[in-house]
Structure formats: structure tokens, C-alpha cells
Amino acid sequence: MKTLIISNYFPPEMGAASNRIFQMAKSFANSNEGIEVACPFPNYPTGEIFPGYKGFYKLQNVSDIKVHRFYIYANNSVSYLLRGFSMISFALSLWLMLFKKSMRYERVIIQNSPLLVSFSSIILFKFFLKSKVILNVSDLWPGSAVDLGVIKKGSLTHKVLLMIESFNYNNSDKIIGQSKLIIEHINKLTNKPTFIYRNLPVNDLFKVKSEKRKIKTFIYAGLLGVAQGVLSIVKIMSLTKNDFEFHIYGDGPEKNSIIHYLQVEQIKNIKYFGSIPKLELQKILSSYYFAIVPLANDIKGAFPSKIYELILNRVPIIYIGCGEAKEVIELNGLGFVVSPNNKESFIKVINKSINLANEKYINIIKNQIHYGITNINYNFQFNKLKAFLDE
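Heads up: these notes are all about the structure in this document. (Residues numbered from 1 in each chain as written. Predicted model: local features only at pLDDT ≥ 70, side-chain atom pairs only at ≥ 80, totals over all residues. Heavy atoms only, no water.)

1. Digging into the overall build of the chain
Line of reasoning, step 1. A count of helices and strands for the chain gives 14 helices and 14 strands.
Line of reasoning, step 2. The globule rule puts the C-alpha radius of gyration for 391 residues at 21 Å, and the 21 Å found for the chain is close to it.
Line of reasoning, step 3. Judged by the C-alpha coordinates and their principal axes, the chain covers about 65 × 45 × 45 Å.
Line of reasoning, step 4. Within the chain, the proportion of its 391 residues that are buried is 53%.
Line of reasoning, step 5. Contacts spanning at least 24 positions in sequence make up 72% of the contacts within the chain whose residues lie at least 6 apart.
Line of reasoning, step 6. Element-wise, carbon and sulfur atoms account for 55% of the exposed surface of the chain, whose accessible area totals about 17,900 Å².
Line of reasoning, step 7. Here the chain contributes 47 positively and 28 negatively charged side chains, and the mean placements of these two sets differ by 2 Å. (Helix = DSSP H or I, 4+ residues; strand = E, 2+ residues; numbered from the N terminus. Rg over C-alpha atoms; globule rule 2.2 N^0.38 Å. Buried < 20%, exposed > 50% of the residue type's maximum accessible area, 1.4 Å probe, protein only. Contact = heavy atoms within 4.5 Å. Areas by Shrake-Rupley, 256 points an atom, 1.4 Å probe, with all protein chains shown as cover. Lys, Arg positive; Asp, Glu negative; His and termini not counted. Charge placed at Lys NZ, Arg CZ, Asp CG, Glu CD.)

This is the structure:
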């Protein structure tokens, strides 16, 4: 079956979203199924189109996957008006596929966040090109936008986005969601078949390293955006008097503010190392004492995929957030959990982890090994996904 995946992110861009879509596409290709990807010119997380891309369309081959790249108005502004215009530009660019007869697909998997891209794609492929549409829901927009304070609940914008959300669900043939809460939310709005497809890493890529662990050294690696709130974490940790180091890797809208704060306050034990390739990060990840995984607000349905990577790399977790991720970490003893916007509790957890007895630390790692073996199996999950799609 000829399948197209539509995504806002794809290599050479870095990050969890790009990784997730690439791995899905690669798995379809390895299963001898015709697979292609439609995505924007690469621009994440810098907000600038990468060198070598210009015009409105470019065809590429990425690891034997045919990739159709389209124009996007690229930016990483904190202005949601500009970010919205960026989404619209890609949503409209996709309509070039209407005029290319070679771009006809039996099945189209559409990444549902951002909403406007999935809305436009459903109209194009379901109603004009008569493809079977599968919606891949990674975020509960517009709910997440309300949680983040981006839009006001009950506002005109919120009402319009709710209508688009409902349209997307009810005009898809099947729906994939990344967490139980996402699936529960979708099932309240539509009776379409659903499947939980978690953003699991491929187990073989993650192997326990023999590097000596950096005691009392914490790491954050990922997007430096509003939803993560790393700048706030930096400010809180700079007040902690214990002897420790905090290393930050990544890029995003908060990057310059973090660098400026560290320079102005002359903080020596919190260091920013820029953005590094995923394979390079994997070489050093397991040497860290604890990893911090933050969500600045309680975002319904969110399950940060880096949690799975940290488990497989045997790095104890300090999770700032709620929901299913909180339950998994607490019930399985994979680290510590703090509610969002709770400065006092976060400081207590940092101090607790710094002074944690070796026996208790080793027990967390044992719990991660057990959870990784019993719950993180990408190949098993992908085979179940294929069966769901082929029903």
C-alpha cells in the first residue's frame, strides 16, 4: 500500500517529533511498504530555513525514503500570530500535491499538531484525492494552548479551534494517539477506531555505557521553549546552595534568555552547551546523575518521549508535570515527580537527589532496567500498529 506521512518535522531537523516520524517512516520502508513523507523545508529549532533549500518545492531521498519538502514561512518567534502564519504557509504549500499526478496515495498519516496543517491535509487528501486518512495525535490542541495560557478558554479563537479539532477527528478513518488521556479525550468526541502509539525509541539504539557517572550532575536535553520552562528551572536551581552542576543541551526561543541570565548572574555551576546531534548526546547521556524533564504547565495528554530514552539509558528522572508520565514514574520507582510551578517542592527534590543514599539510587536504576525490558519494545508496538492500520 502506498502511504504518505505528513509532518511538520523531519531530519535533518533534530528533536523528538522529527525522530518519531523518521522512525515510523523507516519502519514502514523496512516492511517493504511504499512510504513517502511530506514536510516543510527544515527550519527547526532555529526558525531559519537550512542552507540549500529555496523556492516552493524540493524532492529528496533521506535513508531511502522519498521526501517531499515544501515552502514554509519559518520563524521561532514567541509571537503566536507569527507561528500561526508559519503553520498556514505550510498548510497551503501542501496543495501543490493536488496538481502532481504522481502524488496519489491509498493511505495518508497526518500529524495532528498543528491543527491547521491537519485540517488542510484532510480536506486535500480525503475529499479531493480520496485517500484513507489516519490522524496521528501527539498534542490535544486547542486544550494544550489553553493550558499554556496561549489562548483564553471560551474565546472566539478557542471556539473556532474546537470546531477544527472536532472536524479533524470525525473526518479521519482511524486515529493514533500517544497517551491514554489523548485516546480517552478523542473517544468522547468521535467513534472512529483508535490506537495508542507511544513515542518509543528503538531499543537497539540505546545501550548502557561504561562511562563513569557524574555524581551530582544534572542534565536537561531538548527544546528550550515556553512549554518546557527551562529558564525558570535555571533561576530556581541557581538559588540552591548544594554542590552540584546542571548541564543544558538544546535550542529554542528561551536559549538567548538562558545564556544572558547565566552571564549576568555569573553562575558557574549551570552551563549551556548548545545543541548537539542525537548520537553524540547518546554517548554522554548515561553518565549523568539525574535528568530533568519539565513541563511548565499541566498539559493534558502530554507524555514527554525523552522519558523512554532516559529509562533505556538508566538515567534517573526528575519529572516536573502531571498526568500519565507522573503515574508511570511514581508507580515504577523511576525517579522523582514535582508538580508544575511548585518552587519549594522542586528545590526539596533537587536537594533530596543530591543527598540520595547510594543504595536507593541503585534501586532506581534497577527499576528502570525492569521497566525497559517489560514495557519498551518498539518492534512489538510497530507490528501492532500495522495490524491496526490494515484492519
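2. Looking at the packing of aromatic side chains
Line of reasoning, step 1. For the structure shown, the criterion picks out 21 aromatic pairs.
Line of reasoning, step 2. Centroid distance Phe195 to Phe388: 5.3 Å. Interplanar angle 20°. Geometry classified as stacked. Separated by 193 residues along the polypeptide, Phe195 in strand 8 (residues 194–196) and Phe388 in helix 14 (residues 378–390) bring together distant segments of the chain.
Line of reasoning, step 3. We note Lys174 situated over the ring of Phe388; from NZ or CZ to the ring centre the distance is 5.0 Å.
Line of reasoning, step 4. The ring of Tyr288 has Lys214 lying over it, and the distance from NZ or CZ to the ring centre is 4.6 Å. (Phe/Tyr/Trp six-rings, centres within 6.5 Å; stacked < 30°, edge-to-face > 60°. Lys NZ or Arg CZ within 6 Å of the ring centre and 35° of its normal.)

3. So, the pattern of salt bridges
Line of reasoning, step 1. Under the counting rule described, the total for this entry stands at 10 salt bridges.
Line of reasoning, step 2. Lys66 serves as the salt-bridge partner of Glu36, at 3.9 Å between the closest nitrogen and oxygen. Note that Glu36 is positioned in strand 2 (residues 35–40) and Lys66 in strand 4 (residues 65–70), a separation of 30 residues in sequence.
Line of reasoning, step 3. Since its relative accessible area comes to 10%, Glu36 is described here as buried.
Line of reasoning, step 4. One continuous salt-bridge network, built from bridges that share partners, spans Glu33, Arg107, Lys386 and Asp390. (Salt bridge = Lys/Arg side-chain N within 4 Å of Asp/Glu carboxyl O.)

4. Brief notes about the environment of Ser27
Line of reasoning, step 1. By secondary structure assignment, the location of Ser27 is in helix 1 (residues 16–30).
Line of reasoning, step 2. Residues Ser27 and Asn332, spaced 305 residues apart in sequence, show a C-alpha to C-alpha distance of 29 Å.
Line of reasoning, step 3. Beyond its immediate stretch of four places on either side in the chain, Ser27 contacts Tyr378 and Phe382.

5. Side note on the sheet that holds strand 6 (residues 132–137)
Line of reasoning, step 1. One open sheet accounts for eight strands, arranged 3-4-2-1-5-6-7-8; its pairing is mixed. At either end of the open sheet lies a strand with only one pairing partner, and these are strand 3 (57–62) and strand 8. With direction set aside, neighbouring strand axes in the sheet form an average angle of 20°.
Line of reasoning, step 2. Across three bridges, strand 7 (residues 174–177) lies against strand 8 in parallel orientation. When the sheet's bridge partners are listed, Gly177 is paired in strand 8 with Ile196.
Line of reasoning, step 3. Strands strand 1 (3–6), strand 2, strand 3, strand 4, strand 5 (107–111) and strand 6 of the sheet are contacted by helix 1, whose axis makes an angle of about 165° with strand 5. (Pairing = 2+ DSSP bridges. Axes fitted to C-alpha atoms, helices over the stretch in contact; angles between N-to-C directions.)

6. Some words on the pairing of strand 10 (residues 245–251)
Line of reasoning, step 1. With six of seven residues buried, strand 10 lies mostly within the body of the structure.
Line of reasoning, step 2. Where strand 9 (residues 214–223) and strand 10 come together, seven bridges link them in parallel fashion. Paired with Phe218 across the strands is Phe246, a residue of strand 10.
Line of reasoning, step 3. Examined bridge by bridge, strand 10 and strand 11 (residues 270–272) share three bridges and lie parallel to one another. Across the sheet, Phe246 pairs through a bridge with Ile270, a residue of strand 11.
Line of reasoning, step 4. Note on the crossover from strand 10 through helix 8 (residues 255–264) to strand 11: the handedness is right-handed. (Right-handed = clockwise from strand over helix to strand, strands pointing away.)

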